[in-house]
Amino acid sequence: MDPALLKEREAFKKRAMVTPTVERKTKLETVSAAPKDECKKKMRPPSAPKLDANTYKTMTGSSQYKFGVLAKIVKHMRTRHQEGDDHPLTLEEILDETNQLDVGQSVKNWLAAEALMNNPKIDVTPDGLRFTFKPVYKIKDGKSLLRLLKSHDLKGLGGILLDDVQESLPHCEKVLKNRASEIIFIVRPIDKKKILFYNDRTANFTVDEEFQKLWRSATVDAMDDAKIDEYLEKQGIRSMQDHGPKKPVPKRRKVASKKRQFKKPRDNEHLADVLEIYEENTLTQKGINPT
């Protein structure tokens, strides 16, 4: 290697060692540190607003929250009716009894204008300010229940579900216990629900044991009306023919009979006078007086 270059290199190292470089390092550190802080600030997510219990209730509620409030109101109104409290209440009174006074104003407006007005289980007073429970049947005591069962029996409407009676009749269990002898309970085999019928004592009669045995031995569950009619005809029984649905027979319209009218010939109408003179002449020639 060239010794001149080596001398220059050694001289450069000495100058570098003599010259101070502390201030330049601090400037570089401050300059390079600034963008890191800015990046960290940009990377931080914005802080979410704190939720307060009061502000949460006043916010616009979701559909699930609103319908939860409505379901609680309907359940409370049903319970009041079953306990005998049937006087109407305002919306504020209902919310007070259900401990829901902290609901938002938007939910209150929805309840008063739409939800309670259109609910099939809630009845509204004529002024539109008070609400009551709307039962399936308007019955208040045992007498009204028996009247309802009698009307269903006379009209052939069948029985009434026990669930509907329990929902409509206040103090239902007590009333049913007192009127047990006048009501028949039947369990429906499809869904095991109880059906109430009126116990008509005038229809009670004793049935001969032989007839009961014959009745129980006859199985017609898997037979339709056509097969039953065919079986009865083979046994020589025709008394059931008049009890089935009758098909309407179309009536035939009577055609009015018109008298036949012989039309006179229209030919040679201009010779009518000539024919009359001809007939008179022929008659006189034969010696017959035309008059």
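This structure is a prediction, so every number in the text was calculated from the model and none was measured. (Residues numbered from 1 in each chain as written. Predicted model: local features only at pLDDT ≥ 70, side-chain atom pairs only at ≥ 80, totals over all residues. Heavy atoms only, no water.)

Peer 1: Looking at this structure, I do not really get unusual backbone geometry. What am I missing?
Peer 2: Leave glycine aside and you will find that most residues have negative phi; peptide bonds, for their part, are mostly trans. Phi at His 171 takes a positive value of approximately 50°, unusual for a residue other than glycine. Residue position: His 171 is located in the loop between helix 8 (162–168) and helix 9 (172–178). Of note in this structure, Lys 192 is not a glycine but carries a positive phi near 65°. Relative to the helices and strands, Lys 192 is located in the loop between strand 5 (183–187) and strand 6 (194–198). (Helix = DSSP H or I, 4+ residues; strand = E, 2+ residues; numbered from the N terminus.)

Peer 1: Hey, could you run me through the sheet that holds strand 2 (residues 122–124) in this one?
Peer 2: Two pairing modes exist for strands in a sheet, parallel and antiparallel, and in both the strands are linked by backbone hydrogen bonds. Read from one edge of the open sheet, three strands run 1-3-2, paired in antiparallel fashion. The outermost strands of the open sheet, each flanked by one partner alone, are strand 1 (89–90) and strand 2. Note: strand 2 against strand 3 (residues 130–133), three bridges, orientation antiparallel. Opposite Val 124, over in strand 3, you have Phe 131 as the bridge partner. Where helix 4 (residues 63–82) meets the sheet, its contacts fall on strand 1, strand 2 and strand 3, and the angle it forms with strand 3 comes to roughly 65°. (Pairing = 2+ DSSP bridges. Contact = heavy atoms within 4.5 Å. Axes fitted to C-alpha atoms, helices over the stretch in contact; angles between N-to-C directions.)

Peer 1: Explain the packing of aromatic side chains to me, please; I cannot follow it from the model alone.
Peer 2: Any pair of aromatic rings gets described here by the distance separating the centres and the angle formed by the planes. Taken as a whole and assessed by the stated rule, the structure comprises two aromatic pairs. Aromatic pair Phe 67 and Trp 110: ring centres 5.3 Å apart, planes at 80°, arrangement edge-to-face. Of the two residues, Phe 67 is situated in helix 4 and Trp 110 in helix 6 (residues 105–115); the sequence distance between them amounts to 43 residues. Judged by relative accessible area, which is 48%, Phe 67 ranks as partly exposed. In this structure Trp 110 comes out as buried when scored by relative accessible area, which is 13%. The ring of Trp 110 has Lys 66 sitting right over it, with the charged end atom 5.0 Å from the ring centre. (Phe/Tyr/Trp six-rings, centres within 6.5 Å; stacked < 30°, edge-to-face > 60°. Buried < 20%, exposed > 50% of the residue type's maximum accessible area, 1.4 Å probe, protein only. Lys NZ or Arg CZ within 6 Å of the ring centre and 35° of its normal.)

Peer 1: Which parts of the structure should I look at to understand the packing of helix 4 against helix 6?
Peer 2: What describes two packed helices is the angle between their axes and the distance between those same axes. Taken N-terminus to C-terminus, the directions of helix 4 and helix 6 make an angle of 60°; their axes are 11 Å apart at the nearest point. With respect to helix 6, the axis of helix 4 lies oblique. Classified by chirality, the crossing of helix 6 by helix 4 is right-handed. Touching Tyr 65, Lys 66, Phe 67, Val 69, Leu 70 and Ile 73 of helix 4 are Val 107, Trp 110, Leu 111 and Ala 115, all from helix 6. (Parallel < 35°, antiparallel > 145°, perpendicular 65-115°, else oblique. Left-handed = near helix turned anticlockwise from the far one by under 90°.)

Peer 1: Sorry, what's going on with the sheet that holds strand 4 (residues 160–161) here?
Peer 2: The three strands lie next to each other as 4-6-5, forming an open sheet whose pairing is antiparallel. Among the strands making up the open sheet, the edge pair consists of strand 4 and strand 5. Here two bridges tie strand 4 to strand 6, and the two strands are oriented antiparallel to one another. Looking across to strand 6, one finds that Ile 160 is bridged to Leu 196. Across the sheet, helix 7 (residues 142–155) lies against strand 4, strand 5 and strand 6, angled at about 85° from strand 6, the strand it touches most.

Peer 1: Got a minute to help me understand the confidence of the model for the protein chain in this structure?
Peer 2: Where the model shows low pLDDT, its predicted coordinates should not be examined in detail. On average, the protein chain scores 76 in pLDDT, and the residues at 70 or more come to 67%. The low-confidence segment residues 26–31, where pLDDT is below 50, has zero contacts with residues more than four positions distant or belonging to other chains. (pLDDT = per-residue confidence, 0-100.)

Peer 1: Sorry if this is basic, but what is going on with the pairing of strand 5 here?
Peer 2: Walk down a regular strand and you will see the side chains alternate between the two sheet faces. One ladder, built from five bridges, connects strand 5 with strand 6; its direction is antiparallel. Residue pairing in the sheet places Ile 183 in a bridge with Tyr 198 of strand 6. Connecting strand 5 to the antiparallel partner strand 6 that follows it, the hairpin turn spans six residues, and Lys 192 within it adopts a positive phi of roughly 65°.

Peer 1: Explanation requested: the side chain of Ser 168 in the structure shown.
Peer 2: Relative to the elements of secondary structure, Ser 168 occurs in helix 8. A polar contact is formed between the side chain of Ser 168 and the backbone nitrogen of Tyr 137, at a distance of 3.1 Å. Filtering out sequence-adjacent residues up to four positions away, Ser 168 remains in contact with His 81, Pro 135, Val 136, Tyr 137 and Ile 139. (Polar contact = N/O pair within 3.5 Å; in protein donor to acceptor, adjacent residues only side chain to side chain.)

Peer 1: Help me understand the side chain of His 152 in this model?
Peer 2: In this fold, His 152 is placed in helix 7. Since its relative accessible area comes to 12%, His 152 is described here as buried. His 152 has contacts with Tyr 137, Leu 157, Gly 158, Gly 159 and Ile 160, leaving out every residue within four places of it along the chain.

Peer 1: Help me understand the pattern of salt bridges in this model?
Peer 2: Side chains that differ in sign of charge can pair as their charged atoms come close. Applying the stated criterion across every chain yields a total of eight salt bridges. With a shortest N-O distance of 2.7 Å, Glu 167 and Lys 121 are connected by a salt bridge. Within this pair, whereas Glu 167 is found in helix 8, its partner Lys 121 is found in the loop between helix 6 and strand 2, the two being separated by 46 residues in sequence. The buried category is assigned to Glu 167, whose relative accessible area is 14%. Given the relative accessible area of 24%, Lys 121 is considered partly exposed. The shortest N-O distance in the salt bridge between Asp 191 and Arg 188 comes to 2.7 Å. Relative accessible area serves as the criterion here: at 34%, Asp 191 is assigned to the partly exposed category. A network of salt bridges, in which partner residues are shared, links Arg 78, Lys 121 and Glu 167. (Salt bridge = Lys/Arg side-chain N within 4 Å of Asp/Glu carboxyl O.)

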